[in-house]
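Observations on the model geometry
What follows is the residue order along each chain.
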Amino acid sequence: MHLNEGSSQSRSLAKPLQVPLAFCLLVSACLAGSPATAGSPPTKEQSRQQGSSRPAPLVKEQSHQFIGQHPNPLANELESLSVSAEETFEAAIAGKLDRLPKKFEAVKKNAASIPPIQDDSNANLLPHLRHTITELEQAVNSKDRLEVMRYANRVSLIAATLAVPLKPCVPTEVSLLDYNARELVIWSEMKRIERLSSIVIRMHLAWQALMPKLVDRNATKELRRFSDLMGHLEAAKTPEEYNRISRLLSNELNSMKLVFARK
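This report concerns the structure included in the present document. Remember, predicted model here, so these are calculated numbers, not experimental data.

On to the overall build of the protein chain. In terms of helices and strands, the protein chain carries twelve helices and zero strands. In the protein chain, the succession of helices and strands from N to C terminus is α-α-α-α-α-α-α-α-α-α-α-α. Across the protein chain, contacts joining residues at least 24 apart in sequence account for 75% of those joining residues at least 6 apart. For the protein chain, the exposed surface amounts to about 12,500 Å²; the carbon and sulfur share of it is 54%.

For the rest of this paragraph, the subject is unusual backbone geometry. Phi is positive for Lys 167, close to 50 degrees, though the residue is something other than glycine. Among the secondary structure elements, Lys 167 is positioned in the loop between helix 8 (145-163) and helix 9 (172-189). The exposure class of Lys 167 is exposed, given its relative accessible area of 68%. Positive phi, close to 60 degrees, is recorded for Lys 191, a residue that is not glycine. Secondary-structure assignment places Lys 191 in the loop between helix 9 and helix 10 (193-216). The exposure class assigned to Lys 191 is partly exposed, which follows from its relative accessible area of 49%.

It is at 9 Å that the axes of helix 9 and helix 12 (residues 239-261) come closest, and there the two elements cross at 160 degrees. Regarding the angle of helix 9 to helix 12, the classification is roughly antiparallel. Classified by chirality, the crossing of helix 12 by helix 9 is left-handed. Taking contact as the criterion, the partners of Val 174, Leu 177, Asp 178, Ala 181, Leu 184, Val 185, Ser 188 and Glu 189 in helix 9 are, on helix 12, Pro 239, Tyr 242, Asn 243, Ser 246, Arg 247, Ser 250, Leu 253, Met 256, Lys 257 and Phe 260. Of the residues assigned to the contact of helix 9 with helix 12, the class counts are ten nonpolar, four polar and four charged.

What characterises a pair of aromatic rings is the spacing of the ring centres plus the angle enclosed by the ring planes. Scanning all chains against the criterion turns up one aromatic pair. Centroid distance Trp 207 to Phe 226: 4.7 Å. Interplanar angle 45 degrees. Geometry classified as tilted. Taken together, the residues Trp 207 in helix 10 and Phe 226 in helix 11 (residues 220-235) connect sequence positions 19 residues apart. Of the two residues, Trp 207 and Phe 226, neither departs from the other in class, the shared state being buried. Directly above the ring of Phe 89 sits Arg 182, whose terminal nitrogen or CZ lies 6.0 Å from the centroid.

What counts, and where the lines are drawn
- Residues numbered from 1 in each chain as written.
- Predicted model: local features only at pLDDT ≥ 70, side-chain atom pairs only at ≥ 80, totals over all residues.
- Heavy atoms only, no water.
- Helix = DSSP H or I, 4+ residues; strand = E, 2+ residues; numbered from the N terminus.
- Contact = heavy atoms within 4.5 Å.
- Areas by Shrake-Rupley, 256 points an atom, 1.4 Å probe, with all protein chains shown as cover.
- Buried < 20%, exposed > 50% of the residue type's maximum accessible area, 1.4 Å probe, protein only.
- Axes fitted to C-alpha atoms, helices over the stretch in contact; angles between N-to-C directions.
- Parallel < 35°, antiparallel > 145°, perpendicular 65-115°, else oblique.
- Left-handed = near helix turned anticlockwise from the far one by under 90°.
- Nonpolar A, V, L, I, M, F, W, Y, C, P; charged D, E, K, R; others polar.
- Phe/Tyr/Trp six-rings, centres within 6.5 Å; stacked < 30°, edge-to-face > 60°.
- Lys NZ or Arg CZ within 6 Å of the ring centre and 35° of its normal.

Put into structure tokens, the structure is as follows:
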């Protein structure tokens, strides 16, 4: 990869920090489930009002093509669970509340197909997954849009964490960045600037861990585009800026998935 050595950005691209993935996942999982950082959710009426003037939904058409690519059936089941959770999130963000019951049934079905995992490191995740799906079902039944988004996104994080030992086709760092980009959408709607700042820090950790894998794939264009967006994200000041950039990041992550899908 040929980079301009005179550029500080190029130097940062060429020498990414080696951040342990387990640390990134731990930070995200802890913050996702911590009442101290979650803050008070909006009322149902606030949730519906915030959904009345939303931008276009994120682009997710490419997600399905990764299902079935892994030789391990469990990895494919976890990918199916993640995709169904993301689709539930997308239906909620688009305000399509009438579609949520059907989307949730797909999540519930995919979660039920996951067999018991004999791994001490994941022993607590399956009960946490069941609890999160119960919370998601309650949010769907009450048509609480933002709560649906929060719990659907949390399901995607748990699925990504469970898949780590299986070495999924798409690096877990991509899933982690995607999860955090959706978190930015949620908390930008809630106008929680301090929460948004902490999410950006988590994204930087995951991005630093992913960069060497993109270098190995000679994905120079993807590396530069995402680095530019991360720079814009770091400079964001308002919830609206965070929201807009997070959607660009999610779309870029979809393109990045294709890099790793290539044999």
